[in-house]
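Coordinate inspection notes
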Amino acid sequence: MRTLIAYLSYSGNTKEVAEKVDSKLKQIGVGVDMHRIGIDPPVNVAAYQYVFIGTFTWEMGSTPDEVKDFVLEVGYKPDNVAVFGTGDTQFGGDNLYCKAAEKLATFYDSRWPALKIEQSPRGSQEQLIDQWLERVLEDVRSYA
Ligand SMILES: Cc1cc2nc3c(=O)[nH]c(=O)nc-3n(C[C@H](O)[C@H](O)[C@H](O)COP(=O)(O)O)c2cc1C
């Protein structure tokens, strides 16, 4: 089984979350390919059993253009997308916090709520990743 982690990160927070998800998946023997949105050549999403998409949130809750382009590039709605995101509550409070990740999860009818991480996942928020990933992995394990 192979999984894809596609993410966009400017200042490194979302990349850190992607790397943590990557290492946890590898720990349980799941094959992972990383895709840097906006940098790497197009990827065949249909070749993966699970697709993780990571995005930060931009101006007033918006989704970065690179992520919108990636969604168009994928061109269809895979039924196995899990979304994670980073954001900052100081930009507009709870309403806009990690809004891009929320919107993406809704768009893909994701079976899991979007993981929301405030800035860097280092420290106590690592538990949030573990708990979220555990829910996704229940599904992955039943498939494997
Ligand atoms: C101009 C600007 C606008 C932002 N707007 C939001 C926002 O509306 N909601 C939110 O949750 N975070 C917002 N953020 C915070 C970023 O999403 C957060 O810093 C994120 O972790 C950056 O991800 P990266 O390190 O992967 O690039 C904003 C940051 C900047 C610089």
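Residues numbered from 1 in each chain as written. Predicted model: local features only at pLDDT ≥ 70, side-chain atom pairs only at ≥ 80, totals over all residues. Heavy atoms only, no water.

**Quick notes on unusual backbone geometry**
For the record, the criterion: For the purposes of this entry, the term helix denotes a DSSP run of H or I that reaches at least four residues, the term strand denotes a run of E that reaches at least two, and both are numbered from the N terminus. Here's how the labels work: a residue is buried when its accessible area is under 20% of the maximum for its type, exposed when over 50%, partly exposed in between, all with a 1.4 Å probe on protein chains only.
Even without glycine at this site, Met60 takes up a positive phi of about 50 degrees. Within the element layout of this structure, Met60 appears in the loop between strand 3 (50-56) and helix 2 (65-74). Accessibility expressed as a relative area gives 71% for Met60, which makes it exposed. In the Ramachandran plot, Gln119 falls in the positive-phi region, its phi being about 55 degrees despite a non-glycine side chain. With respect to the helices and strands, the residue Gln119 is situated in the loop between strand 5 (115-118) and helix 4 (126-143).

**Quick look at helix 2**
For clarity, the cut-off: Arc definition: directions from the helix axis to the C-beta atoms.
All of the buried residues along helix 2 are Val67, Phe70, Val71 and Val74. Taken down its axis, helix 2 places every buried residue within 100 degrees of arc, on the same side. Away from its buried face, by an angle of more than 90 degrees, helix 2 presents the exposed residues Asp65 and Leu72. Where helix 2 ends, the next residue or the one after it, Gly75, has phi of about 80 degrees, a positive value.

**Thoughts on the pairing of strand 2 (residues 31-36)**
In plain terms, the rule: Pairing between two strands requires that DSSP report at least two bridges joining them. A crossover counts as right-handed when, viewed with the strands pointing away from the observer, the path leading from the first strand over the helix to the second turns clockwise.
In this sheet, strand 2 lies alongside strand 1 (residues 2-7) in parallel orientation, the contact comprising six bridges. Counterpart to Thr3 in the pairing with strand 2 is Val32. Between the parallel elements strand 1 and strand 2, the chain passes through helix 1 (residues 13-27) in a crossover that is right-handed.

**Concerning the environment of Thr63**
Note the following rule: Two residues form a contact once any of their heavy atoms are found within 4.5 Å.
Its location among the elements puts Thr63 in the loop between strand 3 and helix 2. Once the C-alpha coordinates of Thr63 and Leu104 are considered, the two residues, 41 residues apart in sequence, prove to be 8.5 Å apart. Ignoring anything within four residues of it in the chain, the contact list for Thr63 reads Lys68, Ala100 and Lys103.

**Things to note about the sheet that holds strand 3**
Applicable threshold: With axes taken as lines fitted to C-alpha atoms, and helix axes fitted only over the stretch in contact, angles between N-to-C directions fall between 0 and 180 degrees.
Taken in spatial order, the five strands of this open sheet run 2-1-3-4-5, and their pairing is parallel. Edge positions in the sheet fall to strand 2 and strand 5, since each of these pairs with one other strand and no more. Strand-to-strand twist across the sheet, computed as the mean angle between neighbouring axes with direction ignored, equals 20 degrees. Across the sheet, helix 1 lies against strand 1, strand 2, strand 3, strand 4 (81-87) and strand 5, angled at about 170 degrees from strand 1, the strand it touches most.

**Digging into the environment of Pro113**
Tracing the backbone through its elements, the reader meets Pro113 in the loop between helix 3 (99-107) and strand 5. Expressed as a C-alpha distance, the spacing of Pro113 and Phe84, which sit 29 residues apart in the sequence, is 8.7 Å. Residues in contact with Pro113, not counting those within four places in the same chain, are Val83, Trp132 and Arg135.

**So, the packing of aromatic side chains**
Note the threshold: Pairing of aromatic rings covers Phe, Tyr and the six-membered ring of Trp, with a centre-to-centre limit of 6.5 Å; geometry is then stacked below 30 degrees between planes, edge-to-face above 60, and tilted otherwise.
Summed over all chains, the structure comprises seven aromatic pairs. Where Phe56 meets Trp58, the ring centres are 5.3 Å apart and the plane angle is 70 degrees; that geometry is what we call edge-to-face. Seen from their ring centres, Phe84 and Trp132 are 6.4 Å apart, and the 75 degrees between their planes marks the pair as edge-to-face. With Phe84 in strand 4 and Trp132 in helix 4, this residue pair connects regions lying 48 residues apart in the sequence.

**Topic: the site of the ligand**
Heads up, the condition is: Summary of the distance rule: residues count as near a molecule or strand when at least one heavy atom falls within 4 Å of that molecule or strand. Within 3.5 Å is the distance limit for a polar contact, defined as a pair of N or O atoms, with the added protein rule that one can donate a hydrogen and the other accept it, and that residues adjacent in sequence qualify only through two side-chain atoms. Note that accessible areas follow from Shrake-Rupley with a 1.4 Å probe, and for residues the cover is restricted to the protein chains shown.
Near the ligand lie 20 residues; those nearest to it are Ser9, Tyr10, Ser11, Thr14 and Thr86. Interatomic distance of 3.1 Å between a backbone N/O atom of Trp58 and an oxygen atom of the ligand. Note that an oxygen atom of the ligand is positioned 3.1 Å from one of the backbone N or O atoms of Asp88. Expressed as a share of its isolated accessible area of 650 Å², the protein-covered part of the ligand is 86%.

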